[in-house]
Amino acid sequence: MPERNLRLGVPSKGRLAEQAVALLQQAGLNFRRQERSLFARAREIPVDITFLRADDIPVLCAEGAIDMGITGSDLVAEHGVDVVTRLALGLGRCRLSLCVPEDRDFQSLQELDGCRVATSFPNLTAAFLRQHRADPHLVSITGSVEIMVALGVADAVVDLVETGSTLAANRLRILEDIGQYETVLIQSTSCRDTALADRIVRRLQGVVIARSYSLLEYNVARARLPEAEKITPGFHSPTVSSLEDCDWCAVRVMVRQSEVIQVMERLESIGATAILETAISNCRL
Ligand code: AMP
């Protein structure tokens, strides 16, 4: 067996773990993790998966203990490490926000001077507060930040927000956003096999694009093709084929999933028919 398999760090638990494994499998990085084992070897590609805490992945990657890793860009920023971000994975989108109790009348960051702010992102928080010339006392903790106000430990918190339901449940509101983050694939500056790393990036990129686009097929009168092409310019350009009825043609094109419904309506309004959406499971563009 090759000695120098590429080492890829993947979160071992938490909200990211399952999604990261599903993404890797869809990209053809198949492996079986023995129960609670910290390692798994991928089939058919020389990659060893190491299951780690998402918080440790940026530092371990910067230190060269792993060649690549899947983690949050929030954690990369917090640790301030020197790694290369290769790809945003379209998962875990969130913002880091400074939140205050709903029933307190804080209007600006400066009003927090002398107050206590609890966070598990002390570096990002301190840099943000410095930049805004605010000077509260930081309380650095590792989890359950959202309950620190109710516990009387803090007057405000800095935490990740996705849907906002945790904030609402704890009667907190956002005073200021600090940054926006998502799940990323990172690479060590001392990666031992950059060609293989590029191959992994291409594989994951194929899945990330496939997940955010749909394939749309429709028939349209040739006379209206220029209008149709404006509505659906495609990733590069649409595929147009002839129909038996030479006044008509068939179009096949990639469309952003978030825009599909609107695009279908616009196509219908120019007389397109048989408009079909198909999910893409993988692609190389
Ligand atoms: P939500 O209630 O959907 O706003 O989610 C907020 C809770 O989930 C907080 O406890 C956050 O710390 C956590 N959270 C949200 N997004 C992420 C993320 N991308 N990575 C890690 N934790 C997150």
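The shown structure was predicted, so the numbers you read here are calculated from the model rather than taken from an experiment.

We now examine the site of the ligand. Every residue near the ligand is listed here: R15, G92, C94, E146, D159, L160, V161, E162, T163, G164, S165 and T166. Between T163 and the ligand, the recorded distance is 2.6 Å, taken from a side-chain N or O atom to an oxygen atom. One of the backbone N or O atoms of G164 is found 2.7 Å from an oxygen atom in the ligand. Here the ligand, which alone exposes 490 Å², has 78% of that area covered by the protein. Among the elements of the structure, β9 (156-161) and α5 (165-169) are those that each provide at least two residues to the shell around the ligand. Per element, the largest residue contribution to the shell around the ligand is 3 residues, and it comes from β9. The class makeup of the residues in the shell around the ligand is 3 nonpolar, 5 polar and 4 charged.

Counted under the stated rule, the structure contains 13 salt bridges. The salt bridge partner of E162 is R15, with a shortest N-O separation of 2.4 Å. Of this pair, E162 sits in the loop between β9 and α5 while R15 sits in helix α1 (residues 15-26), placing them 147 residues apart in sequence. Exposure remark for R15: the relative accessible area of 66% places this residue in the exposed category. R192 is the partner of D67 in a salt bridge, and the nearest nitrogen-oxygen pair spans 3.7 Å. In this pair, D67 sits in the loop between α2 (57-62) and β4 (68-72) while R192 sits in the loop between β11 (183-188) and α6 (194-212), placing the two residues 125 residues apart along the sequence. Given a relative accessible area of 1%, D67 falls into the buried group.

With that settled, the discussion passes to the domain arrangement of the protein. Domain boundaries in the protein define domain 1 (6-92 + 182-210), domain 2 (94-181) and domain 3 (214-279). Using only C-alpha atoms to locate each centre, domain 2 and domain 3 end up separated by 47 Å.

As a further point, take the pairing of strand β13 (residues 239-242). Where β13 meets strand β14 (residues 248-256), 4 bridges bridge the pair, whose relative direction is antiparallel. Paired with S242 across the two strands is C249, which belongs to β14.

Bringing the nonpolar core into the picture now. Of all hydrophobic cores here, the largest spans 30 residues; its most connected members are L6, L8, V47, L185 and L204. Listing elements by their share of this core, those giving two or more residues are β1 (6-11), α1, β3 (47-52), β4 and α6. Looking at this core element by element, the count peaks at 7 residues for α6. Once you skip the residues sitting within four places of it in the chain, L8 turns out to touch L24, V47, D48, I49, T50, M68, G69 and L185. Counting 21 residues, the second largest nonpolar core, distinct from the first, contains L98, L112, A134 and I178.

What follows deals with the packing of aromatic side chains. The tally for this structure, following the rule as stated, stands at 2 aromatic pairs. Taking the centre distance of 6.1 Å and the plane angle of 55° together, the rings of F31 and F51 count as tilted. Here the residue F31 occupies a position in the loop between α1 and β2 (39-41), and F51 occupies one in strand β3, the gap between them amounting to 20 residues. With relative accessibility at 3%, the residue F51 sits in the buried group. Both rings, one in Y213 and one in F235, keep their centres 5.2 Å apart while their planes meet at 70°; by these two values the pair is edge-to-face. With a gap of 22 residues between them, Y213 in strand β12 (residues 213-221) and F235 in the loop between α7 (225-231) and β13 connect regions that are remote in the sequence.

What follows covers the sheet that holds strand β8 (residues 137-140). In space, the 5 strands of this open sheet follow the order β8-β7-β9-β6-β10, with mixed pairing throughout. In this open sheet, the two strands that pair with only one neighbour each are β8 and β10 (172-181). The mean inter-strand angle of the sheet, taken between neighbouring strand axes irrespective of direction, is 25°. Together, β6 (94-101), β7 (116-119), β8, β9 and β10 form the strand contacts of helix α4 (residues 122-131), whose direction differs from that of β10 by roughly 105°.

Before going further, it helps to examine α6. With 19 residues, α6 should cover 27 Å at 1.5 Å per step; its first-to-last C-alpha distance of 27 Å lies within 8% of that length. Burial in α6 covers these residues: L196, A197, I200, V201, R203, L204, G206, V207, V208, I209 and A210.

Here we have 6 strands laid out as an open sheet, ordered β2-β3-β1-β4-β11-β5, and mixed in their pairing. Bordering the open sheet on either side are β2 and β5 (83-88), each of which pairs with just one other strand. Adjacent strand axes in the sheet meet at a mean angle of 30° when their direction is disregarded. Relative to β11, β5 is paired through 5 bridges, and the arrangement is antiparallel. From the neighbouring strand, V83 faces β11, where its bridge partner is S188. Lying over the sheet, α1 contacts β1, β3, β4 and β11, oriented at roughly 140° with respect to β1.

Reading guide: rules and limits
Residues numbered from 1 in each chain as written. Predicted model: local features only at pLDDT ≥ 70, side-chain atom pairs only at ≥ 80, totals over all residues. Heavy atoms only, no water. Near = heavy atom within 4 Å. Polar contact = N/O pair within 3.5 Å; in protein donor to acceptor, adjacent residues only side chain to side chain. Areas by Shrake-Rupley, 256 points an atom, 1.4 Å probe, with all protein chains shown as cover. Helix = DSSP H or I, 4+ residues; strand = E, 2+ residues; numbered from the N terminus. Nonpolar A, V, L, I, M, F, W, Y, C, P; charged D, E, K, R; others polar. Salt bridge = Lys/Arg side-chain N within 4 Å of Asp/Glu carboxyl O. Buried < 20%, exposed > 50% of the residue type's maximum accessible area, 1.4 Å probe, protein only. Domains from an automatic or database assignment. Pairing = 2+ DSSP bridges. Core = buried A, V, L, I, M, F, W, Y, C linked by side-chain atoms within 4.5 Å. Contact = heavy atoms within 4.5 Å. Phe/Tyr/Trp six-rings, centres within 6.5 Å; stacked < 30°, edge-to-face > 60°. Axes fitted to C-alpha atoms, helices over the stretch in contact; angles between N-to-C directions. Expected span 1.5 Å × (residues − 1).

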